[in-house]
Amino acid sequence: QSALTQPASVSGSLGQSITLSCTGSSSDIGSYDLVSWYQQHPGTAPKLLIYGVTKRPSGLSDRFSGSKSGSTASLTISGLQAEDEAHYYCCSYAGSSTFIVFGGGTKLTVL
Amino acid sequence: EVQLVESGGGLVQPGRSLRLSCEASGFSFDNHAMHWVRQVPGKGLEWVSGVTWNSGIMGYADSVKGRFTISRDNAKNSLYLQMNSLRIEDTALYYCVKDMKPILRLADGFDIWGQGTMVTVSS
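Keep in mind that what you see is a predicted model, and the values were worked out from it rather than measured. (Residues numbered from 1 in each chain as written. Chains lettered and ligands numbered in written order. Predicted model: local features only at pLDDT ≥ 70, side-chain atom pairs only at ≥ 80, totals over all residues. Heavy atoms only, no water.)

## What to know about the overall build of chain B
Counting its secondary structure elements, chain B contains zero helices and eleven strands. When the helices and strands of chain B are read in sequence order from the N terminus, they spell out β-β-β-β-β-β-β-β-β-β-β. Here the C-alpha atoms of chain B give a radius of gyration of 13 Å, agreeing with the 14 Å that 2.2 N^0.38 yields for 123 residues. By principal-axis analysis of the C-alpha atoms, chain B measures approximately 40 × 30 × 25 Å. The buried share of chain B, reckoned over its 123 residues, is 46%. Contacts in chain B between residues far apart in sequence, at least 24 positions, make up 57% of those at least 6 positions apart. (Helix = DSSP H or I, 4+ residues; strand = E, 2+ residues; numbered from the N terminus. Rg over C-alpha atoms; globule rule 2.2 N^0.38 Å. Buried < 20%, exposed > 50% of the residue type's maximum accessible area, 1.4 Å probe, protein only. Contact = heavy atoms within 4.5 Å.)

Encoded structure:
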C-alpha cells in the first residue's frame, strides 16, 4: 500500500482538461511544498513533469500544471492529446525518517 | 548529454548479495543528491534509498533498511547500492535517479532517470 493515494485510473477525451489527485497526510504533502509528478509510458523511465508543487522543467509543455491544497496535490492536464495516455505518479518529501513517498500511480486513458 | 547508466543487475538467489552501480555524465554530479527508485514490472514506483551530495546523510525505505547500503564516489561520478540478504520481494527494475537539489530535505523533484537495471531474486 502506497503512502500517497491516487485513483487507479481516469479517462478523458481529446482536447478535454483533466485533473489527477494525490492524497497524502500531514506527514508529507500537508507539511512540505516538495511535491513532484512523473509521467511514464510503457517500457520507458519516468519523466519529471512538475516539481516543487507548481514548477515545470524547462521545455515542458504548459498544458501540465500542479497545485496543492492541504494534504492533497493535483496535476491538471489541459487540451488532452493522445500522447498523454500514460501512467502518472505523484511523489512527496515525507520528513527525515521516511524521506520520500510515491503514490500508487494513475493510468490515464485518452478517449 | 546528461545521462545515468546503471549496471550490476541480474539473477541472484535469496539471501545472497548484489551491488548496483550507476555512472553519471553531463552534469556536476557532486552538486546533487542521488537516489535509487525501484519498480516491480507492471507495478508502481518505490523509493529505495537516497544520499546527499557529500554523503552526509543516507536515507532508506523501511523495506530495505539494514540490508541495503547506498554510497557514492564523487571523484568517479558514481552511485552504488549494496544489496545484502536479498529477498524475493526485492525483485524489480532499479532506477538511478538525479535529485534537483543537493540534500534530501529539499528533494522537490527527480529530473534525470537512468534506464534501470533489473534485479531478479529467485531460487
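## With respect to the sheet that holds strand 6 (residues 72-77) of chain A
Residues and elements named next belong to chain A. Read across the sheet, three strands follow the order 2-6-5 without closing on themselves; strand pairing throughout is antiparallel. Where the open sheet ends on each side, the last strands, each with one partner, are strand 2 (18-23) and strand 5 (64-69). On average, each strand axis in the sheet is tilted by 20 degrees relative to the strand beside it, whichever way the strands run. Two elements, strand 5 and strand 6, share six bridges in a ladder whose sense is antiparallel. Each bridged residue has a counterpart across the sheet, and for Phe64 the counterpart in strand 6 is Ile77. (Pairing = 2+ DSSP bridges. Axes fitted to C-alpha atoms, helices over the stretch in contact; angles between N-to-C directions.)

## Structural notes on the nonpolar core
Phe102(A), Trp36(B), Tyr94(B) and Trp113(B) are the most contacted members of the largest nonpolar core, which has 47 residues in total. With five residues, the single largest contributor to this core is strand 9 (residues 92-99) of chain B. Judged by nonpolar contacts, the second largest core, of 24 residues, contains Leu4(A), Ile29(A), Leu49(A) and Leu60(A). (Core = buried A, V, L, I, M, F, W, Y, C linked by side-chain atoms within 4.5 Å.)

## As for the side chain of His35(B)
Along the polypeptide, His35(B) turns up in strand 4 (residues 34-39). Within the structure, His35(B) has its side chain in polar contact with the side chain of Trp47(B) (distance 2.9 Å). (Polar contact = N/O pair within 3.5 Å; in protein donor to acceptor, adjacent residues only side chain to side chain.)

## Focus on empty space enclosed by the protein
Summed over all chains, the structure comprises one cavity of 30 Å³ or more. One number sums up the size of the largest cavity: a volume of about 30 Å³. Leu34(A), Ser36(A), Tyr38(A), Cys91(A), Ser92(A), Tyr93(A), Ile100(A), Ala107(B), Asp108(B), Gly109(B) and Phe110(B) together form the lining of the largest cavity. Elements with a minimum of two residues in the lining of the largest cavity: strand 3 (35-40) and strand 7 (86-93) of chain A. (1 Å grid on protein atoms, 1.4 Å probe; cavity = no way out; pocket = protein on both sides within 12 Å on 5 of 7 lines; lining within 4 Å. Points joined across faces, edges and corners; volume = space filled by probe spheres on them.)

## Here we look at the pattern of salt bridges
Residue and element names in this part refer to chain B. Considering all chains together, one arrives at eight salt bridges over all chains under this definition. Residues Lys98 and Asp111 are paired through a salt bridge, measuring 2.8 Å at the closest nitrogen-oxygen approach. In this pair, Lys98 sits in strand 9 while Asp111 sits in strand 10 (residues 110-113), placing the two residues 13 residues apart along the sequence. (Salt bridge = Lys/Arg side-chain N within 4 Å of Asp/Glu carboxyl O.)

## Topic: the sheet that holds strand 8 (residues 78-83) of chain B
Residues and elements named next belong to chain B. Pairing in this open sheet of four strands is antiparallel, and the strands run 1-3-8-7 from one edge to the other. Each of the sheet's edge strands pairs with one partner strand only, and the pair in question is strand 1 (3-7) and strand 7 (68-73). Mean inter-strand twist for the sheet, computed between neighbouring axes without regard to direction, equals 15 degrees. Pairing geometry for strand 3 (residues 18-25) and strand 8, over six bridges, is antiparallel. The residue of strand 8 that forms the bridge with Cys22 is Leu79.

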